[in-house]
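Results of the structural survey
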Amino acid sequence: MADGGHYYNEHDDRTQPFRNRKGRGSHKGRSFDRSRRDRQRGGHSGGFGGPGPRSRLDDTDVTMSDSSQDSSSQSRFNPYVRPRGGPGRFDRSKRQGKSGGGGGGGGGGGNRARGGLRAQSNWYKVTIPHGRKYDKKWLVPALQNICSVPYTPIHYHFDHHRVQFYVDDSATASALHRCSHKITDSDGYKVEVQVNPSNPPAFLQSDLKPEHLEHLKQCMAKRFDGSQQALDLNNIRMDPDLVSQNIDVILNRRTIMEAVIKIIEENIPELACLNLSNNRIHKLDDLTDLVTKVPNLKSLNLSNNELKTDRDLEKIKGLKLVELWLNRNPLCELFKDQAAYISAVRQRFPRLLKLDGHDLPPPIGFDVETRTAIPPCKGSYFGSDEIKGLVLQFLQQYYSIYDSGDRQPLLNAYHDGASLSITTPYTTQNPSRNSLGEYHKDSRNLKRVKDSTMRFRLLKHTRLNVVAFLNEFPKTQHDIASFTVDVNTYTNMLLSFTVSGVFKEVVVDGKSRESTMAFFRVLITVPAGTSGLCIVNDQLFVRMATTEEIRRAFVAPAPTPSSSPVPTLTAPQQEMLTSFSQKSGMNLEWSQKCLLDNEWDFNRAAQIFTQLKADGKIPDVAFIK
């Protein structure tokens with residue numbers, strides 16, 4: 001028990017005992033200092049014996065596994081504050097020749113009780129609060145530059161937001177402690193350095209001996225229920241078979257947990273239920289291997305341990321658990337209510353059906369148990385040939401004008417009260433460096449524009465504003481052959497459909513962007529005139545094209561917008577064109593393109609047409625006459 005009855009453990013970041021400040025805390029006045037001074041001198045304090053001055057460095061945090069030991073073995077003192085009774089320097093730990101006992105108390109010059117630090121242990125844990133934000137290549141040299149003793153950090157690692165490492169001599173520990181608040185980081189904050197006496201790092205502690213591993217294996221076999229594929233390792237450290245052989249199985253040590261998981265992997269890989277309760281486990285880093293080595297695990301009991309945050313569950317979220325016990329862990333006290341607790345746990349384990357023994361509502365999930373290939377994308381859907389002809393004719397006329405360079409005639413395609421919005425993918429990249437920069441500045445992406453007033457302002461209302469807005473975009477060329485059209489709603493008074501495809505920006509001011517983009521458009525139209533359509537709502541989404549879309553783009557020849565689809569031809573060419581159009585079913589414009597590409601060789605053009613049509617590479621617009 002530390003000063004004033006406060007228990008500390010080896011994960012406590014505090015390095016200073018309570019100061020004697022009047023009016024603060026439950027310990028006030030000189031009585032507190034006297035009791036502390038008495039303990040440091042080896043005297044009695046309230047009936048509990050204290051260590052003598054020679055053994056002050058031995059009185060440090062006990063491991064969490066020994067918190068049930070007598071309180072006299074749990075004392076914690078600050079080795080850096082000079083007590084009133086003496087200088088209290090680090091090198092006192094090297095004086096092993098004198099007895100540490102004081103008057104009347106249970107002196108402490110010799111070895112501590114099991115779990116405490118021994119006099120010959122000279123290890124210290126160095127902690128940098130909030131050190132995770134610092135680069136190791138900056139932090140370690142920065143400390144070395146002002147540290148009076150050269151040092152090598154041992155087992156440099158992160159513990160949540162902290163940086164921790166070890167040193168193995170008192171002079172280095174004292175020098176590092178004096179570095180606290182001497183370094184200023186780039187944000188202007190002083191870097192705090194905490195130093196605590198410590199047990200040797202876990203990775204340096206010897207692994208289980210071969211004969212001990214065999215005893216452990218036999219113990220686990222005794223605790224295994226083959227009918228349920230369940231292994232009960234509850235409080236395994238106190239198993240009589242292991243205690244009788246002086247085998248200390250502490251599951252919060254990496255080497256021990258690795259040995260346990262290896263035994264499971266080699267002997268019971270089909271394990272479905274695992275009970276690790278009452279093992280003082282304080283983090284789940286060492287359980288990460290369960291995800292790959294015990295893939296069939298469905299039930300895990302981690303109750304009565306020392307898990308402090310639900311973030312630890314991220315280490316094992318790959319497990320497909322349906323049952324989990326976390327009750328009687330400190331992390332359970334972090335949530336304001338049961339609903340928040342369940343939500344946080346289910347976020348990591350969406351298939352969970354039972355938590356802490358209580359049934360949960362069935363999960364809503366869309367996971368596919370077996371590996372399933374996504375079916376190939378289908379072509380356009382129109383509903384009827386009549387609608388197909390109407391929509392394709394509208395799109396051909398629309399994009400012929402859109403790509404011509406003068407988009408003002410698009411006024412006839414929009415209703416007087418039409419509205420338009422544009423969206424681009426959310427990105428943190430500088431828009432000026434993005435090929436979508438021209439479109440990004442007016443994007444209404446909800447992740448980019450949070451303000452509802454701004455969202456409304458980015459909407460374009462009335463056909464004059466819509467077409468004026470479209471005129472601001474760069475000149476483009478759309479690949480009509482890439483279009484996929486889906487009609488989703490049509491009545492006598494409304495026709496709604498989507499169109500997607502690829503386009504590229506053509507030369508602007510002598511420069512080509514040489515970038516292919518993709519678009520997706522939702523158009524809601526109403527009848528106009530006797531056989532036309534008029535847009536009342538236009539939603540445009542623009543993104544960069546994928547590699548596959550770029551590869552397939554502009555393969556088929558694009559029609560050139562022209563006021564006269566059939567230019568002047570010789571008589572034989574005119575006759576060949578008419579014949580080819582009749583036999584192929586294509587309109588005159590596309591038939592002429594095919595003949596031109598094949599140098600007016602009718603048979604070769606017919607073979608190419610047959611092959612392209614069989615491959616589905618000829619767009620529907622080629623057959624609109």
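Anyway, here's the lowdown on the structure attached to this text. Residue positions are counted from 1 within each chain, in the order its sequence is given. Per-residue local features of the predicted model are confined to residues with pLDDT of at least 70, and side-chain atom pairs are confined, for both listing and counting, to 80 or more; whole-chain, interface and lining totals are unaffected and use all residues. Neither water nor hydrogens contribute to the side-chain values; these are computed over all heavy atoms in the structure.

We now examine the packing of aromatic side chains. What characterises a pair of aromatic rings is the spacing of the ring centres plus the angle enclosed by the ring planes. Only the six-membered ring of Trp is used, alongside the rings of Phe and Tyr, when aromatic pairs are assigned; centres must lie within 6.5 Å, and planes under 30 degrees apart are stacked while those over 60 apart are edge-to-face, with the rest tilted. Applying the stated rule across the entire model yields 20 aromatic pairs. Taking the centre distance of 6.3 Å and the plane angle of 65° together, the rings of Tyr398 and Tyr414 count as edge-to-face. Placement of the pair is Tyr398 in helix α9 (residues 385–402) and Tyr414 in strand β12 (residues 414–423), with a sequence separation of 16 residues. Each member of the pair, Tyr398 together with Tyr414, is buried. Taken together, a centroid distance of 4.7 Å and an interplanar angle of 35° make the contact between Tyr439 and Phe473 tilted. In this pair, Tyr439 is assigned in helix α10 (residues 437–440) and Phe473 in the loop between α12 (463–471) and β14 (476–478), connecting sequence segments 34 residues apart. Taking relative accessible area as the criterion, Tyr439 reaches 1% and is therefore assigned buried. Within the aromatic cluster, the residues linked to one another by ring pairs are Phe394, Tyr398, Tyr399, Tyr402, Tyr414, Tyr439, Phe469, Phe473, Phe483, Phe503 and Phe519. Remark: a charge is flagged as sitting over a ring if the NZ atom of Lys or the CZ atom of Arg is within 6 Å of the ring centre and within 35 degrees of the ring normal. Over the face of the ring belonging to Phe158 we find Arg132, whose NZ or CZ atom lies 4.6 Å from the ring centre. Above the ring of Tyr402, the side-chain terminus of Arg407 is found at 4.0 Å from the ring centroid. Secondary structure follows DSSP: runs of H or I at least 4 residues long count as helices, runs of E at least 2 residues long count as strands, and numbering of each begins at the N terminus. When accessible area is computed with a 1.4 Å probe and restricted to protein chains, residues below 20% of their type maximum are described as buried, those above 50% as exposed, and intermediate ones as partly exposed.

The nonpolar core is taken to be a set of buried Ala, Val, Leu, Ile, Met, Phe, Trp, Tyr and Cys residues, with the residues joined through side-chain atoms within 4.5 Å. If you look at the biggest cluster of nonpolar residues, it comprises 51 residues, and the most contacted ones within it are Val391, Phe394, Leu395, Tyr398, Tyr414, Leu470 and Phe497. Looking at this core, the element that brings in the most residues is α9, giving eight residues. Domain borders in the structure are assigned automatically or taken from a domain database. For this core, the two domains that each supply at least three residues are domain 3 (385–426 + 436–552) and domain 4 (571–622). Every residue pair with non-hydrogen atoms within 4.5 Å of one another is taken to be in contact. With residues near it in sequence (within four places) discarded, Phe497 still touches Val391, Phe394, Leu395, Val485, Asp486, Val487, Asn488, Arg521, Val522, Leu523 and Thr525. Grouped together as the second largest cluster of nonpolar side chains are 45 residues, Leu251, Ile261, Leu297 and Leu326 included.

Let us now look at the sheet that holds strand β3 (residues 162–167). Think of it this way: DSSP has to see at least two bridges between two strands before they count as a pair. Reading across the sheet, the four strands line up as β2-β3-β1-β4 and stay open at both edges, with antiparallel pairing between neighbours. Where the open sheet ends on each side, the last strands, each with one partner, are β2 (154–159) and β4 (194–198). Recorded for the sheet is a direction-independent mean angle of 25° between the axes of neighbouring strands. Across the sheet, helix α2 (residues 136–146) is in contact with β1 (123–128), β2 and β3; its angle to β2 comes to roughly 125°. Think of each axis as a best-fit line through the C-alpha atoms, taken over the contacting stretch in the case of a helix, with angles from 0 to 180 degrees between the N-to-C directions. In the packing of helix α3 (residues 170–177) onto the sheet, contacts are made with β1, β3 and β4, and the angle to β3 comes to roughly 150°.

Right, let's get into the state of the cysteines. Cysteine sulfur atoms are paired as a disulfide whenever they come within 2.5 Å of each other. What the rule picks out here adds up to zero disulfides. The cysteine Cys147 is free of any disulfide, with Cys179 supplying the nearest cysteine sulfur at 4.4 Å. Since its relative accessible area comes to 8%, Cys147 is described here as buried.

What follows concerns the packing of helix α14 (residues 571–584) against helix α15 (residues 588–597). Relative placement of two packed helices is described by the angle separating their axes and the distance separating the axes. Contact geometry for α14 and α15: axes closest at 9 Å, N-to-C directions at 110°. Classified by the angle their axes make, α14 and α15 are roughly perpendicular. Crossing angle aside, the handedness with which α14 passes α15 is right-handed. For the pair α14 and α15, contact is made by Met576, Leu577, Phe580, Ser581 and Ser584 and by Leu588, Ser591, Gln592, Cys594 and Leu595, respectively. Under the grouping applied here, Gly and all other residues not named as nonpolar or charged are polar, the nonpolar ones being Ala, Val, Leu, Ile, Met, Phe, Trp, Tyr, Cys and Pro and the charged ones Asp, Glu, Lys and Arg. Taken together, the residues of the contact of α14 with α15 break down into six nonpolar, four polar and no charged. Each angle receives one of four descriptions, namely roughly parallel if under 35 degrees, roughly antiparallel if over 145, roughly perpendicular if within 65 to 115, and oblique otherwise. Less than a right angle of anticlockwise turn of the near helix away from the far helix marks a crossing as left-handed, whereas a clockwise turn marks it as right-handed.

With that out of the way, let us pick up empty space enclosed by the protein. Buriedness of a pocket was judged along seven lines, with at least five required to meet protein on both sides within 12 Å; pockets are open sets of points on a 1 Å grid over the protein atoms alone, cavities are sets where a 1.4 Å probe fits but cannot get out, and lining residues have an atom within 4 Å of a point. Grid points are joined across faces, edges and corners, and a volume is the space filled by probe spheres set on the points. Applying the stated criterion across every chain, the model contains six cavities of 30 Å³ or more. Empty space within the second largest cavity amounts to approximately 60 Å³. Tyr399, Tyr402, Tyr439, Thr476, His478, Phe503, Phe519, Arg521, Leu540 and Val542 are the residues that line the second largest cavity. Taken together, the elements giving at least two residues each to the lining of the second largest cavity come down to α9, β14, β17 (516–528) and β18 (532–544). Considered class by class, the residues forming the lining of the second largest cavity number seven nonpolar, two polar and one charged.

Right, let's talk about the layout of surface pockets for a bit. The rolling of a water-molecule-sized probe over the atoms marks out the regions of remaining empty space. As a volume, the second largest pocket reaches approximately 1,200 Å³. Lining of the second largest pocket is provided by 39 residues; of these, Ala481, Ser482, Phe483, Thr484 and Arg552 occupy positions nearest its centre. The residue makeup of the lining of the second largest pocket, split by class, is 19 nonpolar, nine polar and 11 charged. When residues of the lining of the second largest pocket are assigned to domains, at least three map to each of domain 3 (385–426 + 436–552) and domain 4 (571–622).

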